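# Understanding the architecture of this molecule
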Amino acid sequence: MPNGTKLEPIYKQIGRSIKFHRLLHGMTQVELGKKLGHSRMSIAQMECGTQRVQLHTLLHMQELIGVSLDALVGCGLDGDSYSNIGKRMLPHLGGVKKS
């Protein structure tokens, strides 16, 4: 992910949530990585927000960890709501206008 992108805070929030739920379930980065088919380094980068997490990876994580996708993407960990995340993303999505 290029440095300085405006979506960076969203990926950092998702990464914090992944780490939180991984630790809550007593898993190491290596263990989660093996179950997902990713390296420990890849998991570490996801958790730092420097690697974008693909939807199919999030869906697989939610099954492994047993949490909802909502919880996994980090809604509520820092008080941000989905509507606030959506509002921050809208200007960066081509062809989508705010109402």
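Presented here is a report on the structure given in the accompanying data block. Predicted model, so just to flag it, every value in this text is computed and none were measured.

### What about the pattern of salt bridges?
Applying the stated criterion across every chain yields a total of two salt bridges. Measuring nitrogen to oxygen at the nearest pair gives 3.8 Å for the salt bridge that ties E8 to K12. On the criterion of helical spacing, the pair formed by E8 and K12 is a turn pair, its members being four residues apart in helix 1 (residues 8–24). Residue class for K12 comes out partly exposed when judged on its relative accessible area of 35%.

### Brief notes about the environment of M46
One can find M46 in helix 3 (residues 40–48). Separated by 32 residues in the primary sequence, M46 and I14 place their C-alpha atoms 8.1 Å from one another.

### Here we look at helix 3
For helix 3, the set of buried residues is S42, I43, A44, M46 and E47. As for helix 3, its buried residues are in contact with helix 1, helix 2 (29–36) and helix 4 (55–65). Downstream of helix 3 by one or two residues, G49 has phi in the positive range, about 85°.

### Description of the nonpolar core
I14, I18, L32, V53, L58, M61 and L72 are the most contacted members of the largest nonpolar core, which has 17 residues in total. Residue assignment for this core shows that the elements contributing at least two residues are helix 1, helix 2, helix 3 and helix 4. When neighbours within four sequence positions are excluded, L58 is seen to be in contact with I14, I18, V53, L69, L72 and V73.

Definitions and limits used
Residues numbered from 1 in each chain as written. Predicted model: local features only at pLDDT ≥ 70, side-chain atom pairs only at ≥ 80, totals over all residues. Heavy atoms only, no water. Salt bridge = Lys/Arg side-chain N within 4 Å of Asp/Glu carboxyl O. Helix = DSSP H or I, 4+ residues; strand = E, 2+ residues; numbered from the N terminus. Buried < 20%, exposed > 50% of the residue type's maximum accessible area, 1.4 Å probe, protein only. Contact = heavy atoms within 4.5 Å. Core = buried A, V, L, I, M, F, W, Y, C linked by side-chain atoms within 4.5 Å.

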